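# Coordinate analysis (summary)
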Amino acid sequence: MNQVREVDKKLLCYHCGNECADDSISIEEKHFCCYGCQTVYEILQNNNLCNYYDLNKNAGISLKSKNFEHKYSYLNEANIVSQLLDYQSDSLSKVIFYIPAVHCSSCVWILENFNKITKGVMISRLNFLKKELSLSYNPTEVNLREIVELLATLGYEPLINLDSATKPQDGNSHQHSLLLKIGVVGFCMGNIMMMSFPEYFHLDLQNNVDATYQKFFLYFNFLLSLPVFFYGAYDYLNGAYISIRENVNKTTKVFSVDIPIAVAIIALYGRSMYETFINYSSGYYDSLAGLVFFLLVGKWMQQITYNYLYFERNYKSYFPLAVKVLRDKTEVFLNVMELKKSDTIYIHHQELIPADVIISKGKAMIDYSFVTGETDPVSKNIGEIIYAGGRQMGESLELIVQKPVSQSYLTQLWNNEAFLKEKVMPTTELANLFSKYFTVFTFIIASLSGVYWAFAEPSLFWNSVTAVLMVACPCALTLSMPFTMSATMAIFGRNKFYVKNQGVIQLLNEINEIVFDKTGTLTESNSDGQRTAKVHFVGAEGISEYEQKLVKTLCLQSMHPLSKMIAQSIHFLEFSALKIDYFQEFQGEGVEASIDGNLARLGKIGFIQKDDNHTINHTHALLEINGLYRGYFVIQTIYRKNWQHILSNLSRHFRLFLLSGDNDADKTKLMPYFRQNAVFFKQKPQDKLNFISKEQKLGNHVLMIGDGLNDAGALRQSDVGIAITEDIKFFSPACDAILDASKFGQLSDFLQFSKTALNIVKASFILSLVYNFIGIGWAVTGQLSPVLAAIFMPLSSLSVVLFAVGLTHLFAYFKRL
């Protein structure tokens, strides 16, 4: 079999599928884009695990430019490792890692067989949906650093941050309890219906054998109903009791939706016991069990969410777990939460600064794009302060801590009251309003029916009153709402729009203003939050191929983000760096080097003298070769596909605003799509939060769309916060929904379908009211038998559910969602 795939005569890496620059790195006609990918292949080959490639072609992750030297040194420290482990003993340690790169069956296969690669790893299990790898290993044979470095070498680098040291609370205990109730009630419901068959088919009770069995079935159904009433229905009964007590004490005037539900349950159970022990006839146990079962299923549907996504992230999900600190003249690794004022810490290239610090040694080039939205790196010198959250893009730094992590500028954002209060979901308000009138209406009908039969036919008084209370149940609200919203969540999910819960869909219906961030929201960025850009050269005489080689060689020597962008934008089929005799980088100004006998300089205006009056509006770098000004490179932000059409479409239905932490270089480009005084630049995180709060006080309902930590406060303050991300498995700030960047163009469709979903719920309400009118009309006659109730009540519940779910999927089909 030919091991090299050609696409337009380009070699593709056998491991990851990326394009190979040449065929110099190969093993047995298998070509690789870098030595990292080759190393992974060799590891798999040596362990007889190359079936990895049979499951999915080019299944691996590119290891190009991966260098893990000293990156995981902190995992040699026992105090740091103990914070990550779930279990620890002399011969066994257990740990769970989040592996963002997991994406296919090959990933599952290799990680499930990880114990075959590393001696000392005993068990390896992967939760594919959560992307969590559970490992059990012997610490006397292999240490955690070796495990993490091997995973990283294979392309499955664990995500280890400050949040990793926080042991997750058991958030599923309530859901497990609910599922247990559904199982118990479902078991009882099935058996009650089976034991009720003799009543359904009217057995001849004159037969002594049948009569004996009939009594046995009656009492057995009563026993089965006990867990249904006291266990399955407990939450509804208790909720109704609390609501009545609060109203009696006048601490609230709100009627809980549990009250009419509890009335129906108590009426069913009371009437059933009366029939069983007084009349020795069948009760309504099957209807009771069916009602409670459907209510519990509806509640479970309401709780379903994307539990493999994280909607409540904060700075701990972004900050590193540990940092090298100088304590008592000794260098040690400490958890960043243990940092104190005046501690000396060391930060290397691409590492994040976890606290507010002052530079004591080195030159800093800080990328604040994910924290403030500012796309251009900020130059800092010795003695200047650096705020937490910035990422160093150059040489190693020695820094002195000014404030501990908990008091830093960035973490102060999470102390804002916006993060302390819970958002009010419209479901609760709608339920309370519905409950108030429904309960009063039910008791009025039952009372009128009782008064009528008390005079007309006293024997039917008890039957009619209890029948009305049994039949009247707000199943429209308790069933149609959760099932419709659950179906909507599933439709959104398959379109890569993940909402936190069903209440978010209802909140989307109230939105009348949308606030956009610019960097990473309207513009493209990669999964690490770094912006992508288009680079082109502007000059009177253009730039020759040899000059391009000079520039690429010069830029490859610099760690500045703009230099790296320029270097990546210059392509050659074959490139070898020219000889460098001298290189110097002037912090915040530019770079220069003597290359192949030529003096090449690249930098800002002032560092290089510009000999024309042309105004440059975008980020740029001027080029000078041998003292002659040649022109400049323009770095233009790349906006998302069809962004103008998206904004134009949304502006027909909503008021749009732009709040950006970036400079106003693109103001002219953006203004046509927003109203006057609706575009703001150089906005700090607190400015964004304050703006949304002001709009809400004016009675507006605000949707915020952002992507970085600088948007976290605004996302939380807004009525609905949507975090847009290039890859849902990587970091996104706390939000109500996560939108995959590839689906940004469908934002308007999602908002419109939210309105459709709520209209379907309203239609379900009408259908349920029709059922209630029919059922109540039947009940007031006093002729509602247990058999007819057993058929009618589940049928009404099922039809409401099927109507709601079916209509939701039908509309989604027509809208191509």
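Scroll up to find the structure.
Residues numbered from 1 in each chain as written. Predicted model: local features only at pLDDT ≥ 70, side-chain atom pairs only at ≥ 80, totals over all residues. Heavy atoms only, no water.

This paragraph deals with the nonpolar core. With 56 residues, the main nonpolar core has Phe 497, Ile 514, Phe 516, Leu 650, Leu 703, Ile 722 and Leu 747 as its most contacted residues. Here the element with the most residues in this core is helix α23 (residues 747–779); it accounts for eight residues. Ignoring sequence-local partners within four residues, the contact set of Phe 516 consists of Thr 521, Leu 522, Leu 647, Leu 650, Leu 656, Phe 657, Leu 658, Leu 659, Phe 674, Ile 705, Phe 744 and Leu 747. Counting 49 residues, the second largest nonpolar core, distinct from the first, contains Ala 233, Tyr 236, Leu 288 and Leu 295. (Core = buried A, V, L, I, M, F, W, Y, C linked by side-chain atoms within 4.5 Å. Buried < 20%, exposed > 50% of the residue type's maximum accessible area, 1.4 Å probe, protein only. Helix = DSSP H or I, 4+ residues; strand = E, 2+ residues; numbered from the N terminus. Contact = heavy atoms within 4.5 Å.)

Further remarks concern a nonpolar patch on the surface. On the surface, Tyr 219, Tyr 274, Phe 277, Ile 278, Tyr 280, Phe 461 and Trp 462 cluster together into a nonpolar patch covering about 680 Å² of accessible area. Listed by contribution, the elements that provide at least two residues to the nonpolar patch are α10 (258–277) and α13 (461–471). Here Trp 462 is to be found in helix α13. (Patch = residues over 30% accessible without salt bridge, like charges linked within 9 Å, V, L, I, M, F, W, Y side chains within 5 Å. Areas by Shrake-Rupley, 256 points an atom, 1.4 Å probe, with all protein chains shown as cover. Salt bridge = Lys/Arg side-chain N within 4 Å of Asp/Glu carboxyl O.)

It is at 8 Å that the axes of helix α9 (residues 234–248) and α10 come closest, and there the two elements cross at 125°. One element, α9, and the other, α10, form an angle in the oblique class. Note on packing geometry: the crossing formed by α9 with α10 is left-handed. Side by side, α9 and α10 meet where Asp 235, Tyr 236, Leu 237, Gly 239, Ala 240, Ser 243 and Ile 244 of the first sit next to Asp 258, Ile 259, Ile 261, Ala 262, Ile 265 and Ile 266 of the second. Residues of the contact of α9 with α10, tallied by class, amount to nine nonpolar, two polar and two charged. (Axes fitted to C-alpha atoms, helices over the stretch in contact; angles between N-to-C directions. Parallel < 35°, antiparallel > 145°, perpendicular 65-115°, else oblique. Left-handed = near helix turned anticlockwise from the far one by under 90°. Nonpolar A, V, L, I, M, F, W, Y, C, P; charged D, E, K, R; others polar.)

Moving on, we come to helix α17 (residues 545–556). Taking 1.5 Å per residue as the helical rise, α17 with its 12 residues ought to reach 16 Å, and the 16 Å between its terminal C-alpha atoms agrees with that figure. Those residues of α17 that sit buried are Glu 547, Leu 550, Val 551, Lys 552, Thr 553, Leu 554 and Cys 555. On the buried face of α17, the contacting elements are α18 (561–569), β21 (580–586), β22 (590–595), β23 (598–603), β24 (619–625) and β25 (628–637). (Expected span 1.5 Å × (residues − 1).)

Take Leu 758: it is sitting in helix α23. Sequence separation between Leu 758 and Asn 509 is 249 residues; the distance between their C-alpha atoms is 7.9 Å. Other than its neighbours up to four places away in sequence, Leu 758 contacts Met 485, Gln 506 and Asn 509.

Turning our eyes to something else, we now look at the environment of Ile 160. In this fold, Ile 160 is placed in the loop between α5 (144–153) and α6 (173–195). Assessed through its relative accessible area of 13%, Ile 160 is described here as buried. With 63 residues separating them along the chain, Ile 160 and Phe 97 place their C-alpha atoms 7.7 Å apart. Those residues in contact with Ile 160 that lie beyond four places of it in its chain are Tyr 74, Leu 75, Leu 84, Phe 97, Val 148 and Leu 321.

Locating Leu 224 in the fold gives a position in helix α8 (residues 208–232). Placed 33 residues apart in sequence, Leu 224 and Asn 191 show a C-alpha to C-alpha distance of 7.9 Å. Residue contacts for Leu 224: discarding those within four places in its chain leaves Phe 187, Cys 188, Asn 191 and Ile 192.

Counting across every chain of the model gives 24 aromatic pairs. Their ring planes at 50° and their centres at 6.4 Å tell us that Tyr 72 and Tyr 74 sit as a pair that is tilted. With relative accessibility at 8%, the residue Tyr 74 sits in the buried group. Consider the rings of Phe 492 and Phe 750, whose centres lie 5.3 Å apart with planes at 70°: the pair is edge-to-face. With Phe 492 in helix α14 (residues 475–494) and Phe 750 in helix α23, this residue pair connects regions lying 258 residues apart in the sequence. When its relative accessible area of 1% is taken as the criterion, Phe 750 is described as buried. An aromatic cluster of at least three residues, connected via ring pairs, comprises Phe 229, Phe 230, Tyr 269 and Tyr 285. Between Lys 181 and the ring centre of Tyr 231, over which it is positioned, the NZ or CZ distance is 5.6 Å. Looking at Arg 601, its charged tip hangs above the ring of Phe 607, at a distance of 4.1 Å from the centre. (Phe/Tyr/Trp six-rings, centres within 6.5 Å; stacked < 30°, edge-to-face > 60°. Lys NZ or Arg CZ within 6 Å of the ring centre and 35° of its normal.)

Before going further, it helps to examine the sheet that holds strand β13 (residues 364–367). Strand order in the open sheet formed by three strands is β14-β13-β16, and the pairing between neighbours is antiparallel. The outermost strands of the open sheet, each flanked by one partner alone, are β14 (378–380) and β16 (391–392). Both β13 and β14 contribute to a ladder of three bridges, which runs antiparallel. Bridge assignment links Ala 364 to a residue of β14, and that residue is Lys 380. (Pairing = 2+ DSSP bridges.)

Next up on the list: the packing of α10 against α13. Packing of α10 against α13 leaves a shortest axis separation of 7 Å and a crossing angle of 140°. Our classification of the angle between α10 and α13 gives oblique. Once α10 is placed against α13, the crossing between them reads as left-handed. Facing Val 263, Ala 264, Ala 267, Leu 268, Arg 271, Tyr 274 and Glu 275 of α10, the residues of α13 in contact are Trp 462, Asn 463, Thr 466, Ala 467, Leu 469 and Met 470.

With that out of the way, let us pick up the sheet that holds strand β8 (residues 132–137). The four strands are arranged β5-β6-β8-β7 in an open sheet whose pairing can be described as antiparallel. The strands lining the two open edges of the sheet, one partner per strand, are β5 (85–88) and β7 (121–127). Each strand of the sheet is rotated relative to its neighbour by a mean of 15°, with strand direction disregarded. Strand direction decides the pairing type here: β5 and strand β6 (residues 93–98), joined by three bridges, are antiparallel. By the bridge assignment, Leu 85 is partnered in β6 with Val 95. Sheet strands in contact with α5 are β6, β7 and β8, and its direction is about 140° off that of β8.

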